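Summary of structural features
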Amino acid sequence: MSFDLSLILDALPKMLMGIGLTFQLLILSGFLGLVLAILVMLMRISGTWWLSWPAQAYIYVLRGTPILVQIFIVYYGFPQLEFIRESFLWPVFRDPFGCAVVALTLNTAAYVSEILRGGVLGVDRGVLEAGEALGLSKSQRFIYLTTPIATRLALPAYGNDIISLLKSTALASTITLMEMTGIARTIVAQTYAPYEIFVSLAIVYMILTFLIQKLLARIERFLGRYTIRES
Amino acid sequence: MTNAQPLIQMKSVGKHFGDFQALKDINLSVSKGERIVVCGPSGSGKSTMIRCINRLERHDEGQIFIGEIELTDDLKDLNAVRREVGMVFQSFNLFPHMTIVKNLMLAQRLVRKTSKQEAHEVAMHYLERVKIPEQANKYPIQLSGGQQQRVAIARALCMKPEVMLFDEPTSALDPEMIHEVLDVMVDLAKDGMTMICVTHEMGFARSVADRVIFMDGGEILEQAPPEEFFGNPQRARTKLFLSQILQH
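What comes next concerns the included structure. (Residues numbered from 1 in each chain as written. Chains lettered and ligands numbered in written order. Predicted model: local features only at pLDDT ≥ 70, side-chain atom pairs only at ≥ 80, totals over all residues. Heavy atoms only, no water.)

Secondary structure assignment for chain B yields nine helices and ten strands. A compact globule built from 248 residues should have a C-alpha radius of gyration of about 18 Å, and chain B, at 18 Å, falls within 12% of that. Its C-alpha atoms put chain B at 55 × 45 × 35 Å along the principal axes. Residues counted as buried form 56% of the 248 residues belonging to chain B. Of all intrachain contacts in chain B linking residues separated by at least 6 positions in sequence, the fraction that spans at least 24 positions is 66%. About 10,700 Å² of surface is accessible on chain B, with carbon and sulfur atoms providing 46% of the total. (Helix = DSSP H or I, 4+ residues; strand = E, 2+ residues; numbered from the N terminus. Rg over C-alpha atoms; globule rule 2.2 N^0.38 Å. Buried < 20%, exposed > 50% of the residue type's maximum accessible area, 1.4 Å probe, protein only. Contact = heavy atoms within 4.5 Å. Areas by Shrake-Rupley, 256 points an atom, 1.4 Å probe, with all protein chains shown as cover.)

This is the structure we're talking about:
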């Protein structure tokens, strides 16, 4: 089997035209997903059943179904519902980009909320008691003690989810979005050279993952500066 | 606050953890300036008792008064009580993500609403008092256990509390570090701080305490000035305990 280098050199710039869309999906759903995840996590640990149960149900449903199915439900399913067509959200669901962002956001939020909960549970009970004994209120303890410590604890697992999200953006190609994978599929359909095209696409994702890893490692070093013994 | 009014008063206090009775009919009155050492075997309720005083644990029987304020569920401003009661823990419990000086400033800023500059001055004052001002900008993990515990004491003192509670402050320390912490505590006692110390440091009890309390099974079995407590313990249980911890 031959490996046609010129094909790759031809296809790479075309695929990279989709990198902007890939990044838009990643950053938008990463950000919205984090905001939603914080909300879901706070509901989950609230200790109030009518907040905690919906949060648990949400997490169960979103983790219990394939993300591809979720994308299809949002893209093909929601427009069937009249109240969605008539709501102010219709512009979002009419647009495949909007659907992809919604599905990716909902999916990543379920996982990230559990990651954040792990961080919160990992905060040393004694540290919080010390804050309590000094007269810090519950919300002050949460803001000044739990949040910074939990962030540090949750970061490695959170980084994992960001990288996973990067690759989930490829699924947006199934609902007509021309991000990198979508473009690659088009090129393959034209050239019948799946091997060269998909391997080079894979390498692009690996390079992006590498860059994200480096960025996360930097953030981790910064947030973890208090865990290193020598000054 | 007059001398007649005890600073801390516990009346028939009881506490259960499920079926386990952790405290049984505790009656204790502590006046301003008094130094009390609480000892007893593990599981005897010493820690639970002092944790009830700043309501880290809730008692379920009897009454506890801090000054004139009774600790109840309806208490609107529990934190107003807590800032008058300093606490030092066995495991130091410094805020790991903050430098030493920030550890000392946080509650001053948030609870006492002190200005940044004043909070910093107060923090440095107490760091000097526990003899480690040069560590101000380090993180807790960079300090030895003894240093961390001294920082924890300074952090509590920054709130200018009326009373200090010590929950086995030297139990997690290597022998050579116990001294530096006890020195700070002896200093505090000399300055007239009201103190309740759960500890097995009997040398400290002898030299500093006004009263030694012996607990077992959630009850106060015996309380007496140290000469009497060590010289002529009344209960067989106390004698046994003392013989066990003093024989080495």
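Picking up after the structure, the text goes on.
Many analyses report the size of an interface as the accessible area lost when the parts associate. Between chain A and chain B, the contact holds 24 residues from the first and 27 residues from the second. Carbon and sulfur atoms supply 64% of the area that chain A and chain B bury against each other, a total of about 2,200 Å² over both sides. For chain A, the biggest contributors to the area lost against chain B are Ala 133, Leu 134 and Tyr 226 of chain A; these three give 29% of the whole. Our count for the contact surface shared by chain A and chain B stands at two salt bridges. The salt bridge partner of Arg 51 of chain B is Glu 129 of chain A, with a shortest N-O separation of 2.5 Å. Elements that contribute at least two residues to the side of chain A that touches chain B include exactly α8 (125–133) and α9 (138–168) of chain A. At seven residues, the largest contribution of residues to the side of chain A that touches chain B is made by α8 of chain A. (Buried area = accessible area lost by both parts, 1.4 Å probe. Salt bridge = Lys/Arg side-chain N within 4 Å of Asp/Glu carboxyl O.)

Side chains of Asp 25, Asp 60, Glu 61 and Glu 219 of chain B sit close together on the surface and give a patch of like negative charge. Tracing the chain through its elements places Glu 61 of chain B in strand β4 (residues 61–66). (Patch = residues over 30% accessible without salt bridge, like charges linked within 9 Å, V, L, I, M, F, W, Y side chains within 5 Å. Lys, Arg positive; Asp, Glu negative; His and termini not counted. Charge placed at Lys NZ, Arg CZ, Asp CG, Glu CD.)

Attention now goes to the sheet that holds strand β2 (residues 20–30) of chain B. Residues and elements named next belong to chain B. With respect to topology, four strands assemble into an open sheet ordered β2-β1-β4-β5, the strand pairing being antiparallel. What marks the edges here is a single partner per strand, and that holds for β2 and β5 (69–70). The pairing of strand β1 (residues 8–17) with β4 spans five bridges and is antiparallel. Bridging across to β4, Met 10 finds its partner in Ile 64. (Pairing = 2+ DSSP bridges.)

What follows deals with the packing of aromatic side chains. Enumeration over the complete set of coordinates arrives at seven aromatic pairs over all chains. Aromatic pair Phe 72 of chain A and Tyr 76 of chain A: ring centres 5.6 Å apart, planes at 55°, arrangement tilted. Here Phe 72 of chain A and its partner Tyr 76 of chain A are both found in helix α4 (residues 67–77), four residues apart, which amounts to about one turn of the helix. Accessibility expressed as a relative area gives 31% for Phe 72 of chain A, which makes it partly exposed. Relative to Tyr 139 of chain B, the ring of Tyr 226 of chain A lies with its centre 6.2 Å away and its plane at 50°, an arrangement referred to as tilted. Taken as a pair, Tyr 226 of chain A in the segment after α11 (194–223) and Tyr 139 of chain B in the loop between α4 (116–129) and α5 (145–157) lie in two separate chains rather than in one. Overall, Tyr 226 of chain A belongs to the buried group, its relative accessible area being 8%. (Phe/Tyr/Trp six-rings, centres within 6.5 Å; stacked < 30°, edge-to-face > 60°.)

What follows concerns the environment of Thr 108 of chain A. Residues and elements named next belong to chain A. Relative to the elements of secondary structure, Thr 108 occurs in helix α7 (residues 96–121). Residue classification places Thr 108 among the buried residues on the basis of a relative accessible area of 5%. Sequence separation of Thr 108 and Gly 126 is 18 residues, and the distance between their C-alpha atoms is 32 Å.

This next bit is on unusual backbone geometry. Trans is the prevailing form of peptide bonds, just as negative phi is the prevailing case for residues other than glycine. Residue and element names in this part refer to chain B. If you check the backbone angles, Asp 25 has positive phi at about 45° while not being a glycine. Residue placement: Asp 25 occurs in strand β2. In the Ramachandran plot, Glu 168 falls in the positive-phi region, its phi being about 45° despite a non-glycine side chain. Summarising the element assignment, Glu 168 is placed in the loop between β7 (163–167) and α6 (175–190). Of the residues examined, Glu 168 reaches a relative accessible area of 14% and is grouped as buried.

It is worth spelling out a positive patch on the surface at this point. On the surface, Arg 225 of chain A together with Lys 102, Arg 109 and Lys 116 of chain B cluster together into a positively charged patch. Relative to the assigned elements, Lys 102 of chain B resides in helix α3 (residues 100–110). The exposure class of Lys 102 of chain B is partly exposed, given its relative accessible area of 49%.

Our focus in this paragraph is a nonpolar patch on the surface. All names here are of chain A. A cluster of nonpolar side chains, contributed by Phe 3, Leu 5, Leu 9, Tyr 195, Val 199, Ile 203, Ile 207, Phe 210 and Leu 211, occupies part of the molecular surface with about 880 Å² of accessible area. Mapped by element, the contributors of at least two residues to the nonpolar patch are α1 (5–16) and α11. At six residues, α11 tops the list of elements feeding residues into the nonpolar patch.

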